[in-house]
Structures are given as structure tokens and as C-alpha cells.
Amino acid sequence: MSDPFNPPSLGSDDTIYSADSIEFCPFQSHSHLFACGTYQLAKDESEEEAAPAAPEPAADSDTNSSDDDEPVKVDKPMLRLGRLLVYAVGGESDDTFKLNNLERIETAAILDMKWSHQLINGNPTLGVADALGDLSLYQFKSAGNDLEIVTKYQTNYSNKLALSLDWSNRVQTSEQPQIAVSLSNGDITILDLDPTSSTLTESLTWHAHDFEAWIVGWNYHDINILYTGADDCRLKGWDKRMDCSYATFISKSYDENVLIWDTRSMRQPLSTTETGGGVWRLKWHPTRKDVLLAGCMHNGFHVINYDEGWSTGSIGSSFMEHASLAYGTDWSYAPTKGDELPLVASCSFYDHLLHM
């Protein structure tokens with residue numbers, strides 16, 4: 001039996017590009033599949049950029065250096081490339097597992113992905129936020145395993161990056177769900193989705209932060225409320241009914257802890273759990289409210305267990321085999337036996353490695 005505090009890798013793969021996001025499909029028909037988003041900087045080889053040659057020296061100049069005739073080289077601009085990878089998890093009777101890469105879709109660099117927890121027009125639907133500022137929706141259609149793009153919405157026209165997204169229908173189903181997107185200039189945009197036509201329409205945009213807004217999330221039990229966090233070290237709450245003219249609360253932090261909050265009283269957190277490394281991604285267990293998965297950049301991935309009153313969080317399991325920034329992670333939604341924890345997939349950035 002493996003050590004629960006030091007779980008082994010059940011399989012791994014080289015994602016080629018740097019990997020930063022993982023999302024298991026939440027529907028039983030596709031619960032063996034997950035998507036992985038990647039991000040890669042590359043020079044634009046299509047553009048030859050050089051400054052004009054230096055002017056010829058005057059006739060009476062006594063400067064004879066031939067270097068004056070050389071063009072001044074200028075670095076080519078960097079492209080942010082990405083790939084959307086689809087993996088299948090295969091299980092055998094002896095509890096061995098196998099990773100199969102089913103699909104590689106060329107995209108702009110991917111910053112975040114989220115599945116809708118409600119079928120959209122009858123199909124599992126994945127939202128993808130990318131470095132061009134686009135929100136793209138992909139679907140598994142006709143029970144197949146190939147993702148197909150169904151719509152793309154450009155959230156901006158001024159070189160802003162779409163850094164994160166969240167669906168409003170995680171708990172409450174909706175005939176017209178909304179998607180919140182956070183941008184690199186600190187803006188938050190809310191889009192209305194028409195499921196029948198797959199049309200996205202902007203309903204609200206406001207300037208929430210002075211620096212990059214790395215995360216946006218709905219209050220799934222009251223979707224008038226959203227939460228955002230950014231590089232200005234602020235966690236903010238917003239109420240759409242107030243047109244987001246000001247935040248309903250602001251909390252300042254930029255440390256290596258996971259904080260649990262009671263939204264009825266935001267003066268101080270219920271608990272603080274030190275994880276180290278800088279917390280990048282948090283994922284609640286699919287069925288247990290007291291178990292949280294954390295990707296902690298410089299300090300691996302951790303499973304945190306909470307007591308009944310949420311006053312204490314303790315690390316119950318850690319995975320430290322990634323040799324680079326620990327970014328994307330998610331729980332599998334496939335059924336498990338008894339109280340067993342589900343499979344977890346994780347990925348890291350500079351070593352572009354994926355583990356299961």
C-alpha cells in the first residue's frame with residue numbers, strides 16, 4: 001500500500017509546451033477525460049525587424065569606422081503560443097492507470113480553463129481564456145472524445161490577456177448562464193451565453209484592480225456576487241446589483257497561506273493554513289466539502305483537510321515530484337470506491353510535465 005502522505009505518480013507525460021492548467025470533465029459520459037492548457041513564448045519568425053542603417057558620415061568627418069554602416073538589430077517580438085491537450089485516463093483491474101493523449105489543438109497561450117457544470121445545448125462545454133484576450137468555448141459533441149470549437153469572443157482590442165474565467169452555473173442551473181473573465185489590465189468582463197446559438201454577449205465590464213487580475217470567481221449560491229484577486233494584493237467582493245461601482249469588501253494579502261472565509265463576516269478568515277511556495281490554484285473535492293486541493297508553485301501540490309468548524313486545516317497528502325512551478329491541478333469526477341479520494345492530475349510549468 002502506498003504512503004498516503006507521499007502518493008506515487010501513476011503516470012506522466014511531457015506536454016512539450018509549459019503546462020499551467022488542468023480540468024477534468026465533470027460529466028460521467030466523459031469523466032475519464034481531462035483537458036490540459038499550455039503556454040509557450042516564441043519569437044515571431046514572420047517579421048524581420050531592424051532599425052535603419054546609420055547615416056553616412058559627413059564628407060569632412062574623420063570617422064572611418066565601418067561599424068557605422070551596420071544596421072542596429074532589434075529583437076523580434078515574442079509570440080504567446082499554446083496548445084489545448086485532451087487526455088484519457090485508462091484504468092485496469094489491478095489498479096494501474098494509463099494516460100493517453102487524444103488530441104492537440106493549436107491555440108494562443110492558455111491562461112485558464114473551466115468546464116460548465118451544466119450541459120450547454122446538450123454537450124459538455126469547456127471555456128478557455130487565452131493570451132489574445134479571447135474566451136473560446138469547446139464542446140464534446142455526439143458523445144465523442146474530440147473537442148470542437150463552437151464560439152470565440154474577443155474581450156478586448158488593446159493587447160490585454162484573458163487571465164481567468166468562471167461559470168455562474170456550478171450550483172444553480174440557468175437557461176442563460178454567465179461567464180466572468182478577468183483581464184491583465186485589472187478589468188472584469190461578464191458575458192451572457194445563449195446556449196442555443198452559442199452566442200456570447202457582453203453584459204458588464206468594470207475596472208476592478210490596478211494590476212493584473214489573476215482570478216475571478218462567482219458565489220455559486222448567490223450569483224449576484226463575485227470575488228476577484230490581483231497583483232495589487234487585494235481580494236475584493238462585488239455585487240452586480242450595485243453596478244460594481246465599488247467593492248463590497250477588500251482584503252489585503254500576498255503570502256503563502258490558504259485562507260477560509262465566512263462571507264457573512266469578512267473581518268478576518270476562519271482559518272489560515274500555511275502551504276508555502278505561493279498558492280496558485282485551489283480546487284474543492286468533488287463530493288466532500290472538507291477537502292481542498294492546492295497547487296503551490298514553488299512547493300508542490302497539497303491536499304488540505306479541514307475540521308468541522310473550519311478553524312483548522314491540516315495537510316494530509318503532498319505530491320512533490322514536479323521539478324518546476326506547480327500550477328494546474330484538478331480532481332477526477334469518476335466514481336470511487338467508498339471513501340477513497342479520486343485521481344488527481346497535476347502539471348508544472350518550465351519542465352512541461354504532467355503527472356497523474
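The name an unreviewed UniProt entry gives the protein is Diphthine methyltransferase, with Linnemannia schmuckeri as the organism. Quoted verbatim from the Pathway (unreviewed entry) field of UniProt, the annotation for the protein is "Protein modification."

Enquirer: So what about the sheet that holds strand E16 (residues 234-239)? Which residues, and what values?
Expert: Strands sit in the order E14-E15-E16-E17 across an open sheet of four strands; the sheet is antiparallel. In this open sheet, the two edge strands, each paired with only one partner strand, are strand E14 (215-218) and strand E17 (249-252). Strand-to-strand twist across the sheet, computed as the mean angle between neighbouring axes with direction ignored, equals 15 degrees. Sheet analysis places E16 next to E17, joined by four bridges and oriented antiparallel. Directly across from leucine 235, in E17, lies its bridge partner serine 251.

Enquirer: Any chance you could break down the pattern of salt bridges for me, citing the residues and the numbers?
Expert: Inspection of the entire model under this criterion finds nine salt bridges. Residues arginine 281 and aspartate 112 are paired through a salt bridge, measuring 3.4 Å at the closest nitrogen-oxygen approach. In this pair, arginine 281 is assigned in strand E20 (residues 281-284) and aspartate 112 in strand E6 (residues 110-115), connecting sequence segments 169 residues apart. A relative accessible area of 0% means that aspartate 112 is categorised as buried.

Enquirer: Kindly report on the nonpolar core, identifying the contributing residues and their values.
Expert: Residues Leu84, Met113, Leu126, Val128, Phe140 and Leu147 are the most contacted members of the largest nonpolar core, which totals 16 residues. Of all the elements in the fold, those that place two or more residues in this core are strand E3 (33-43), strand E4 (78-91), E6, strand E7 (125-130) and strand E8 (134-140). Not counting chain neighbours up to four residues away, the residues in contact with leucine 84 comprise Ala35, Cys36, Glu103, Arg104, Ile105, Thr107, Ile110, Met113, Leu126, Val128, Tyr138 and Leu147. In this structure, Ile22, Phe34, Val89 and Leu99 belong to the second largest nonpolar core, which totals 15 residues.

Enquirer: So what's going on with the state of the cysteines? Which residues, and what values?
Expert: Taken as a whole and assessed by the stated rule, the structure comprises zero disulfides. Looking at the unpaired cysteine 36, the closest cysteine sulfur is the one in cysteine 347, lying at 4.6 Å. Residue cysteine 36 is classed as buried on the basis of its relative accessible area of 0%.

Calculation rules
- Residues numbered from 1 in each chain as written.
- Predicted model: local features only at pLDDT ≥ 70, side-chain atom pairs only at ≥ 80, totals over all residues.
- Heavy atoms only, no water.
- UniProt positions renumbered as here; feature names shortened; annotations may be inferred.
- Pairing = 2+ DSSP bridges.
- Helix = DSSP H or I, 4+ residues; strand = E, 2+ residues; numbered from the N terminus.
- Axes fitted to C-alpha atoms, helices over the stretch in contact; angles between N-to-C directions.
- Salt bridge = Lys/Arg side-chain N within 4 Å of Asp/Glu carboxyl O.
- Buried < 20%, exposed > 50% of the residue type's maximum accessible area, 1.4 Å probe, protein only.
- Core = buried A, V, L, I, M, F, W, Y, C linked by side-chain atoms within 4.5 Å.
- Contact = heavy atoms within 4.5 Å.
- Disulfide = S-S within 2.5 Å.

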